[in-house]
Every structure is written in structure tokens, then in C-alpha cells.
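# Geometric and topological summary
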Amino acid sequence: TWTPDNFVDMTVASLKEQLGNDKVVLALSGGVDSSVAAMLLHRAIGKNLHCIFVNNGLLRKNEFERVLERYEGMELNITGVDASARFLNALAGVDDPEQKRKIIGRTFIEVFDDEAHKIKDVKWLGQGTIYPDVIESISVNGPSATIKSHHNVGGLPDFMKLKVVEPLRMLFKDEVRRVGASMDMDAGLLGRHPFPGPGLAIRILGDITPEKVRILQEVDDIFINGLKSWGLYNKVWQAGAILLPVNSVGVMGDERTYEKCVALRAVESTDGMTADWVNLPYDFLQKTSNDIINKVKGVNRVVYDISSKPPATIEWE
Ligand code: XMP
């Protein structure tokens, strides 16, 4: 029978045999899949695993530093690359959602390729691909695809010519979580909500500026920390805030304001294919709205998204 412990033992043994003394490079995202893949590879080949974690400037508030610390605590051999400016420059003036995804995918590949070149004699690309991704990329890109469709761009960078090792490619998400738990992965990391690869870029409707990123990071941080402190975080499948391309009139003291509006979104789901909005307590929404409007300069209105998928999607872009 399949157990997480058996899976770890068998996978580590077969990775040892497959990889011998070879070096592997792997991109960590801060999420569960790439982290579990890294732990398995690390157990098999130790310092021959080289991890790269890219800050695209579109992560949650303080996420880059926090995640990097967590990985260093796991003794992974990791390089953090702060490429925020490069991503934000490439995105300047772009408001089309698919265009944003393409630019982020392409920039990520460029940054990763530059870093991978600094590692001598690397032979393998490690990936946290799980079974549903395998199915998805076969249908989108054909069976040889090694990177998710949203990262797929024309012309193969050098690192994509590496041999690919994907220790999780036969597992579903819940099995990945069980494997992570059996290797004592940090509970905070294991229980994290999904977060899209393009990050806050697809939660800022319209064009992206550093100031909008800062505003959204503050709003999102208040919302997510609130969910945690009210014991609601684990009851929600995914949550986040969206910065709308709308200014609305408000009043502050005797002054009329004309500032940004943000939407909060929290959904229940099993796989993201369908989703229902979560009936969050009014007290919680009231407190969160007050906190956001009082603490985040530039925001004077908060709305809660009560749309389910379908026909709405989880993200607004
Ligand atoms: P939608 O908005 O399609 O989202 O209902 C379903 C799930 O997919 C995530 N999502 C993405 N993840 N790259 C990703 O890695 C993307 O471009 C992307 N778009 C949506 C979304 O956060 C939700 O979990």
C-alpha cells in the first residue's frame, strides 16, 4: 500500500541511483510542491541540489525574506535573487492580463537561466510538477513540455536543455502534502493557500506601478493576517485582495477624498476548478475594512466579492 513514508524511502533511493554525483538546479516558488520536491532531492543528493528563489516584486508583503529564511532553516543550498526591478520594468504600462502573464513567464526564464549558468556542470533541472500539471501540460504543450503553460515561451533557454527530474509527477496535491508532513515540513508552509505564479500582477487590474504593488501588499497583509488571527485561514481554500482601477469619493475629517477601491476575495474549493465565495463573519469583514481604510494610505473603500466560479473566476484577471 501507498504510504508517505514508503514513498519517501523509495523515491530517495531511486533519486540517488538516477542522479549519482550529478548536480541539479531547481526553482523554488515558496509553495508546497516545489518545496517538497526540493526536500526529496536534498535528502537524496544533499549539496548537489542548487535551489533558486526569485523575487519577481509581485509577492506578498515580506514574503521573499520570510520564505528565504524558512528554506535556509531547511538547510537547502539556496540562492535568493531579487529581480523585482527587472520584472516591474518589463511590466510597465502593460494592462492586458495575458500579456502580463507572458512577460512574467519570459522574465522568469531569463532570470533563472542567468542564475543556472553560474552553477558549474549542472546536469539536471528539478521540478515540482505534480500529476495534474502533467495532464495539463500534455494537453496544452504536448508530452515533452517541462514547464507549466503559463511559463511556456518560444525558443529554448539553455537550462531547458537539461535533463528533467520530477519526483512528484505521480502524486496528487493531497499526497504531496502528506509526503511533506512525513518529512516534517513546516506546518505554515504545508498549509499555505495557493498563490498564482504571476502573483499580485493579476490582482492589480490595469497597469502595474511600484506604488500600486505597495498598496496591494499592505491591504493583502491586513486581510491575510486577520484571517489567521480570527482562526479563519484554514477554513478558506484561497484568499487575497484585488486593487481595482477605480477611484471613488470618500470623506476624511472635513476633506473630500478621491481614492482607490479594493476588493477582498475568499473562496472554498477543492481543486480551483469550481469555487464558492466564503460566508465570512460580518464582524470580521467590518474590522478588516476599518483596518484597511485607516492604515493603508490611498484606499478609501473596501468591497467583498460574492461571486462563485463559474461563472466568475477566482482571480479577476
Ligand atoms: P481562476 O482565476 O482561473 O484560478 O479561477 C484558478 C486557480 O489558478 C490560479 N491561477 C494561476 N496560477 N498562474 C498560476 O500559477 C496563473 O497564471 C494563474 N491564473 C490563475 C488561481 O490563483 C487559482 O488558484
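Residues numbered from 1 in each chain as written. Predicted model: local features only at pLDDT ≥ 70, side-chain atom pairs only at ≥ 80, totals over all residues.

An unreviewed UniProt entry annotates the protein chain as GMP synthase [glutamine-hydrolyzing] originating from Sinomicrobium weinanense. Its UniProt record gives the protein chain a comment under Pathway (unreviewed entry), which states: "Purine metabolism; GMP biosynthesis; GMP from XMP (L-Gln route): step 1/1." What the UniProt record of the protein chain gives under Catalytic activity (unreviewed entry) is the line "XMP + L-glutamine + ATP + H2O = GMP + L-glutamate + AMP + diphosphate + 2 H(+)". (UniProt positions renumbered as here; feature names shortened; annotations may be inferred.)

The subject of this paragraph is the packing of helix α1 (residues 4–19) against helix α2 (residues 32–45). Where α1 contacts α2, the two axes come as close as 8 Å, and the packing angle between them is 60°. Put simply, α1 runs oblique to α2. The crossing of α1 and α2 is right-handed. Residues V8, T11, V12, L15, K16 and L19 of α1 touch α2, and the partners they reach there are L40, L41, R43, A44 and I45. (Axes fitted to C-alpha atoms, helices over the stretch in contact; angles between N-to-C directions. Helix = DSSP H or I, 4+ residues; strand = E, 2+ residues; numbered from the N terminus. Parallel < 35°, antiparallel > 145°, perpendicular 65-115°, else oblique. Left-handed = near helix turned anticlockwise from the far one by under 90°. Contact = placed C-beta atoms within 7 Å.)

Let us now look at the pairing of strand β6 (residues 238–252). Judged from the 12 bridges that link them, β6 and strand β7 (residues 255–268) form a sheet pairing that is antiparallel. Looking at β7, one finds that M252 is bridged to E255. As consecutive antiparallel partners, β6 and β7 are separated by two residues, and within that stretch G253 has a phi angle of approximately 65°, a positive value. (Pairing = 2+ DSSP bridges.)

Counting 73 residues, the largest nonpolar core has L26, L41 and V219 as the members making the most contacts within it. For this core, the leading source of residues is α2, giving nine residues. Both domains that furnish three or more residues to this core are identified here as domain 1 (4–190) and domain 2 (209–304). With residues up to four places along the chain from it excluded, the contact list for L26 reads S34, A37, A38, L41, L49, C51, G126 and Q127. (Core = buried A, V, L, I, M, F, W, Y, C linked by C-beta atoms within 7 Å. Buried ≥ 20, exposed ≤ 12 C-beta atoms within 10 Å, placed from the backbone. Domains from an automatic or database assignment.)

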